[in-house]
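# Structural overview for review
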Amino acid sequence: ARQAATERGLDMHFRGPSQEGRAETQLQMINWVLARGCKALVIAPGGPEIAPRVQQLAVSGINTVYVDRDLPGSAVRGVVATDNFRAGVQAGDAMAAALGGQGQVALLRLQTGVPSTSARERGFRQAAEQGGLSILVDTYIGDDSQAAVTALRDHLPQLAGVFTPNSTSTRAALAALRRLGKAGELVHIGFDGDQLLLDALREGEVHSLMIQQAHAIGYQAVQLAVQSLRGELSAQPVNIALPVQQ
C-alpha cells in the first residue's frame, strides 16, 4: 500500500485495531482518517457495521476499496482479496492428501461475522469431508490459546489434523499444541506467514501454511483507490480475487 501511494504521489495514513474483527474500533478509525482530509478509504471491514458507514462516505463523495474481504451490497469501488473459499478448499484438499483420505480433524474457527475467514472455513470443511475426512471438533477459538487447549485436549487421541483460518488463530493453535505436547504430531494447516509461523514450519511443528499475496493486495487496492479518485474506473465495482500459495 505504501509503495503504491509513493509511486502515485499520495499521502497515506495508516491505522489498525489491536485485534482483528473489531468493527466498532474501525468506525472510530474511519472518523480519525476523515478528520485528516482523506479523500479515499482502503479498509478490511471488520463486520457488517462498516457497510452503512461506507454508504454514507459514498454519498459524500469519498470512495472506498475493500481489502481482504467483501461485504455484499456495500457501496465500494472495488474489492481486492484472496479467493477465500477457494483457499479453504485448497487447505482441505491438502489435509486430505496428507492424511491419506481418512481420519478425524479439528476446524478451529476465528470468530463469527468475519467474511474472509468464514469463507475459508466453509471451503475447508467442504473439501476435507469430500476428501474422506470427518470433522470431530468445530469451534471458535479467536486468538486465545487457552480456548484452543480446551477445544483440543479431550479429543487428542482421536485427532489427526487441525486447520486454522488466519494468522492469529494459527498462532493460538500452535501455542496450544506446544502446551499439549502435540506440536508436529498432528497435521496442522494454517494461514499466513509471519516469522513465528515460518519458524514453526521449518521446525516441522506446522505442516503447511496457506500464504496470501499480501503485498499484491495492498498495492492493487491503493491503485484502485487512485483510479477511483481520477474517474478511471467503470461504474461497476472491480473485484480482484487472488490465489494463495501453499
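What you see is a predicted model, and the numbers here were worked out from it, not measured in a lab.

### What about the overall build of the protein chain?
Helix and strand counts for the protein chain stand at 9 helices and 9 strands. Taking 246 residues into account, the globule formula puts the C-alpha radius of gyration at 18 Å, and the protein chain, at 19 Å, falls close to it. Based on the C-alpha atoms only, the size of the protein chain along its principal axes is roughly 60 × 30 × 30 Å. Relative to its 246 residues, the protein chain shows a buried fraction of 47%. Considering only intrachain contacts with a sequence separation of at least 6, the fraction spanning at least 24 residues in the protein chain is 64%. Accessible surface, the protein chain: about 11,300 Å² in total, of which carbon and sulfur atoms supply 48%. Side-chain charges in the protein chain split into 21 positive and 22 negative, and the spacing between the mean points of these groups amounts to 6 Å.

### A look at the sheet that holds strand E7 (residues 187–191)
One open sheet holds the 5 strands; their spatial order is E5-E4-E6-E7-E8, and the pairing between them is parallel. With one partner strand each, in any of the chains shown, strand E5 (134–140) and strand E8 (208–210) form the two edges of the open sheet. Shown here is a sheet whose adjacent strand axes are inclined to one another by a mean of 20°, direction ignored. Where E7 lies against E8, 3 bridges are found, and the strand directions are parallel. Bridge pairing links Gly190 to Leu209 in E8. Here helix H7 (residues 167–179) sits on the sheet and contacts strand E4 (104–109), E7 and E8; the angle it forms with E7, its principal contact strand, is near 155°.

### Remarks on the nonpolar core
Within the largest apolar cluster, 18 residues are counted, with the highest numbers of intra-cluster contacts made by Met95, Val105, Phe124, Leu133, Phe163 and Ile189. Breaking this core down by element, the ones donating at least two residues are helix H4 (84–98), E4, helix H5 (115–130) and E7. Counting residues per element, this core draws most heavily on H4, which supplies 5 residues. For Leu133, the contacting residues outside a window of four places in its chain are Met95, Ala96, Leu99, Gly101, Gln102, Gly103, Val105 and Ala128. In terms of nonpolar packing, the next biggest core, distinct from the first, is built from 16 residues, Ala151, Val162, Ala176 and Leu186 among them.

### A look at the sheet that holds strand E9 (residues 238–242)
Read across the sheet, 4 strands follow the order E1-E2-E3-E9 without closing on themselves; strand pairing throughout is parallel. The outermost strands of the open sheet, each flanked by one partner alone, are strand E1 (40–43) and E9. Strand-to-strand twist of the sheet, defined as the mean angle between neighbouring strand axes without regard to direction, takes the value 10°. The pairing of E1 with strand E2 (residues 63–67) spans 4 bridges and is classified as parallel. Residue pairing for E2: Leu41 is matched across the bridge by Thr64. The sheet contacts of helix H9 (residues 214–229) involve E1, E2, strand E3 (78–82) and E9, and relative to E3 the element is tilted by about 175°.

### As for unusual backbone geometry
Despite not being glycine, Asp68 has its phi angle at roughly 75°, a positive value. By secondary structure assignment, the location of Asp68 is in the loop between E2 and E3. Given a relative accessible area of 14%, Asp68 falls into the buried group. Positive phi, close to 75°, is recorded for Asp192, a residue that is not glycine. With respect to the element layout, Asp192 can be found in the loop between E7 and helix H8 (195–202).

### Thoughts on the environment of Asp144
With respect to the helices and strands, Asp144 occurs in the loop between E5 and helix H6 (145–153). Between the alpha carbons of Asp144 and Ala172 there is a distance of 5.6 Å; along the sequence they are 28 residues apart. Engagement of the side chain of Asp144 in a polar contact is seen with the backbone nitrogen of Gln146, the distance being 2.9 Å.

Reading guide: rules and limits
Residues numbered from 1 in each chain as written. Predicted model: local features only at pLDDT ≥ 70, side-chain atom pairs only at ≥ 80, totals over all residues. Heavy atoms only, no water. Helix = DSSP H or I, 4+ residues; strand = E, 2+ residues; numbered from the N terminus. Rg over C-alpha atoms; globule rule 2.2 N^0.38 Å. Buried < 20%, exposed > 50% of the residue type's maximum accessible area, 1.4 Å probe, protein only. Contact = heavy atoms within 4.5 Å. Areas by Shrake-Rupley, 256 points an atom, 1.4 Å probe, with all protein chains shown as cover. Lys, Arg positive; Asp, Glu negative; His and termini not counted. Charge placed at Lys NZ, Arg CZ, Asp CG, Glu CD. Pairing = 2+ DSSP bridges. Axes fitted to C-alpha atoms, helices over the stretch in contact; angles between N-to-C directions. Core = buried A, V, L, I, M, F, W, Y, C linked by side-chain atoms within 4.5 Å. Polar contact = N/O pair within 3.5 Å; in protein donor to acceptor, adjacent residues only side chain to side chain.

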